[in-house]
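# Understanding the architecture of this molecule
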Amino acid sequence: MGKTLLKRAGLLIGTLLLVSMLAFVAFSVIPGDPTDSILGIEATEEQRLALRAQLGLDQPIYQRYWSWLTAFVTGDFGQSYKYNMPVSGLVAAQAKVTLVLAAVSFVLIVVISLPLGLISARHQGGIVDRVVTVLTQVTMSVPNFIMGLGLMFLFALVLKWFEPKYIPLEDGLGAHLRFMVFPALAIALPKSAMTVKLLRGSILGEMGQDYIRTAYSKGNSQGSALWRHVLRNAMIPVVTFLAMAIGDIMAGSIVVEQVFTIPGLGRILISSIGNRDYPVVQAIVVLLAGVVVLCNFLADLLYRVMDPRIDGR
Amino acid sequence: MMLDIRDLSVVFTDRGAPFTAVDRFSLQMEEGEIVGIVGESGSGKSMTAHALMGLIRRSAVTVSGSAVFEGTDLLPLSRAELRQYQGRDLSIIFQEPMTSLNPTMRIGKQVEESLRIHEKLSRAERKARALDAMALAGLPDPEEVYRQYPHQLSGGMRQRVMIASALVLRPRLLIADEPTTALDVTIQAQILETLKDINRKEGTAILFISHDLGVVKALCSRVVVMKQGEIVESGPVDDVFYHPREDYTKLLIASRPKREKLRGGGDNE
Ligand SMILES: Nc1ncnc2c1ncn2[C@@H]1O[C@H](COP(=O)(O)OP(=O)(O)O)[C@@H](O)[C@H]1O
Ligand SMILES: [Mg+2]
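Calculation rules
- The numbers attached to residues start from 1 for each chain and follow its sequence in the written order.
- Note on labels: chains are lettered from A, ligands numbered from 1, in written order.
- A pLDDT threshold of at least 70 governs which residues receive local features in this predicted model, and a stricter bar of 80 or more applies before side-chain atom pairs are shown or counted, although totals over entire chains, interfaces and linings include all residues.
- Hydrogen atoms and water are omitted, and side-chain values are computed over all heavy atoms in the structure.
- Elements are defined by DSSP. Helices are runs of H or I of four residues or more, strands are runs of E of two residues or more, and each kind is numbered from the N terminus.
- Note on classification: 1.4 Å probe, protein chains only; a residue is buried when its accessible area is under 20% of the maximum for its type, exposed when over 50%, partly exposed between these limits.
- In this text, near means that some heavy atom of the residue lies within 4 Å of the molecule or strand in question.
- Counting of polar contacts relies on pairs of N or O atoms within 3.5 Å, with two restrictions inside protein: one atom must be capable of donating a hydrogen and the other of accepting it, and residues adjacent in sequence are counted only when both atoms are side-chain atoms.
- Surface accessibility in these figures is a Shrake-Rupley result with a 1.4 Å probe; residues are shielded only by whichever protein chains are displayed.
- The donor set comprises N, O and S atoms within 2.8 Å of the metal, extended to 3.2 Å for Na, K and Ca; water molecules are omitted, so apparent gaps in a site may simply reflect that omission.
- Only strands joined by at least two bridges in the DSSP assignment are considered to pair.
- Axis definition: a line fit to C-alpha positions, over the contact stretch in the case of helices; interaxial angles, taken between N-to-C directions, run 0 to 180 degrees.
- Aromatic pairs are defined between Phe, Tyr and Trp rings, using the six-membered ring for Trp, whenever the two ring centres lie within 6.5 Å; interplanar angles under 30 degrees are classed as stacked, those over 60 as edge-to-face, and all others as tilted.
- Two thresholds decide whether a charge sits over a ring: the Lys NZ or Arg CZ must be within 6 Å of the ring centre and within 35 degrees of the ring normal.
- Residues scored as charged are limited to Lys and Arg (positive) and Asp and Glu (negative), so that His and the chain ends carry no count.
- The salt bridge definition used is simple: a Lys or Arg side-chain nitrogen within 4 Å of an Asp or Glu carboxyl oxygen.
- Any two residues whose heavy atoms approach within 4.5 Å at even a single point are treated as in contact.

## So, the overall build of chain A
If you tally the helices and strands in chain A, you get 13 helices and zero strands. Reading chain A from its N terminus to its C terminus gives the helix and strand order α-α-α-α-α-α-α-α-α-α-α-α-α. With the C-alpha coordinates of chain A rotated into their principal frame, the extents come out at 85 × 55 × 35 Å. Across the 313 residues in chain A, those meeting the buried criterion constitute 44%.

## Thoughts on the site of ligand 1
All names here are of chain B. Close to ligand 1 lie 13 residues, the nearest being Gly42, Gly44, Lys45, Ser46 and Met47. Contact between ligand 1 and glycine 42: an oxygen atom at 2.7 Å from a main-chain N or O atom of the residue. The backbone of glycine 44 places a nitrogen or oxygen atom 3.1 Å from an oxygen atom of ligand 1. Coverage of ligand 1 by the protein amounts to 71% of the 560 Å² it exposes when considered alone. Going through the elements one at a time, strand S2 (19-29) and helix H1 (45-53) are the ones with two or more residues in the shell around ligand 1. At three residues, the largest contribution of residues to the shell around ligand 1 is made by H1.

## So, the coordination of the magnesium ion (ligand 2)
Residues and elements named next belong to chain B. Bound to the magnesium ion (ligand 2) on the protein side are Ser46 (OG) and Gln95 (OE1), at distances that span 2.0 to 2.6 Å. In this pair, serine 46 sits in helix H1 while glutamine 95 sits in the loop between strand S6 (90-93) and helix H3 (107-111), placing the two residues 49 residues apart along the sequence. The exposure class of glutamine 95 is partly exposed, given its relative accessible area of 24%.

## Notes on the sheet that holds strand S7 (residues 173-177) of chain B
Residues and elements named next belong to chain B. As summarised here, the arrangement of the six strands in space is S6-S7-S8-S3-S9-S10, forming an open sheet in which the pairing is mixed. Strands at the two margins of the open sheet, each flanked by one partner only, are S6 and strand S10 (230-236). Taking each pair of neighbouring strands and ignoring which way they run, the sheet shows an average axis angle of 15 degrees. Sheet analysis places strand S3 (residues 34-39) next to strand S8 (residues 205-210), joined by five bridges and oriented parallel.

## Topic: the packing of aromatic side chains
By convention here, two paired aromatic rings are described through the distance between centres and the angle between planes. Under the counting rule described, the total for this entry stands at 15 aromatic pairs over all chains. Centre to centre, the rings of A:Phe162 and A:Phe179 are 5.8 Å apart; their planes meet at 75 degrees, and the pair counts as edge-to-face. Here A:Phe162 is found in the loop between helix H7 (144-158) and helix H8 (173-207), whereas its partner A:Phe179 is found in helix H8, with 17 residues between them in sequence. In this structure, A:Phe162 and A:Phe179 share a single accessibility class: buried. Ring centres 6.3 Å apart and planes at 20 degrees place the aromatic pair A:Phe162 and A:Phe260 in the stacked group. You can see A:Phe162 sitting in the loop between H7 and H8 and its partner A:Phe260 sitting in the loop between helix H10 (222-259) and helix H11 (265-274), a full 98 residues away along the chain. The exposure classification of A:Phe162 matches that of A:Phe260, with both residues buried. Taken together, the aromatic side chains of A:Phe155, A:Trp161, A:Phe162, A:Tyr166, A:Phe179, A:Phe182 and A:Phe260 make up a single cluster linked through ring pairs. In this structure, B:Lys127 is placed above the aromatic ring of B:Tyr146, and the distance from its NZ or CZ to the ring centre is 4.8 Å.

## Comments concerning the side chain of B:Arg158
Note that B:Arg158 resides in helix H7 (residues 155-167). One buried charged residue, B:Arg158, forms no salt bridge at all, with the nearest opposite charge on A:Asp210 at 10 Å. Other than its neighbours up to four places away in sequence, B:Arg158 contacts B:Pro97, B:Met98, B:Leu101, B:Pro150, B:His151 and B:Leu153.

If you want it as structure tokens, here you go:
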């Protein structure tokens, strides 16, 4: 187990390096120049060159990447071109908002889909199962953006359950979370639908396995066969799916932030790309990738704990 | 009489015309007896066993007749009533040792599961009795196996684990549904030997199912021969083996694997 862990940790760092490199290369090949947005289009060629030299943009790309990387590992994310302040100071607050949104979304997915998946599998063909099946079918294909608008319309404008105005954490955790639940739902609902479908199918698949027949032959009731035998086995593919969903949740957060005008990473990411403010973009990309890769790493650990067959192979 | 099965029928009603998998099956068994059911694949042996164990729980399957075990007809019992028997008085081991164990549960927990369900014991007591059953089932190093997972064991060992978990409450009747079909011949012989030992030591009656009349002959006193859900022949095993009345039975005898025939019809294996 120790060896595989080490291997996974290596993979984690390798992935992050690769992502940061790709982001670096991508931003040096797309058209547009950071000096445009800083100096405006009136600036002379000399001013432009001077600024490029000052920002280090005249150096070859591998050199720039190297100095970015060496600074990054010491915790220095560089300076924003546009705002002329440290990137870390610029994105920290927004990153927190986005991470909270993603975390709430994830919790919602788990809280919504596990019970529904269980109930609809347990009472297959029953009324709950049929309603859930229709709902998941509908919800699954709705994009986060549309779902966000729909929820906003329904809960803010029609039902007036919340004001369509962002409430920061400083106004109290309860109020903050109460607001965040709605954008989080926009992210969570489509993913929950998929999770319910997957879990239901997985449970039903396991219910038909030979070892469940063995469990019944020992005197297990249907409930205890489900709890003691089916659930753990049925959760294995679901855990993998949820881990892979983290990336989508992060991406979904950035989109939904726009709908709900939440000052998260999405807004600053988009304006920084527009401004060609590479250090900021770079930091956000690596941060998002880091979250995704780390969550996958944790899911892999969990997966190994849940399925003893993995290590034996 | 310990078990009296009369006119047990199992009918599938889910695809078009009803299909009778077991047709008026009758069999009586005394305490401690080993009785065989033999028949070609698809003749309804497993369905008979599952019906008896209460494992047919689909609404599209109708089970009729009676199966009186120690004075109680099992067939009309509710699921909850039946559970009192399953794993305690009646146990079963299946044809598929590779898939009959839960892949994510430690062997020990699976062996002691019937104890957990039917008796209130401390963890230590449960473990002691599980280890005891594992030794009885011929598992070497029960302490070690107790901690392992199914994928770490061979097919033969897994079947022994199944035997141990079936025996942990010392049932009156063990149904063994082709327990060695999936295993190779040497392992098969050892497992048969183990079943025989268990019958001798514990007095457990065994309903032994096989498609191989030679194996049945090595183990059982009486045998019923099944064909397409019906019993076509029955009697003391030697009579049926040496003086078969039905062509079907003769075919079953003739189609036995050569290897065992050379060794004398499965005796002393
Ligand atoms: N789920 C099922 N639906 C319909 N027919 C089945 C089903 N399971 C088994 N059967 C049929 O019942 C008959 C008896 O099967 P089985 O008892 O498993 O045979 P055996 O154990 O003797 O090989 C077979 O013809 C088989 O095709
Ligand atoms: Mg069978």
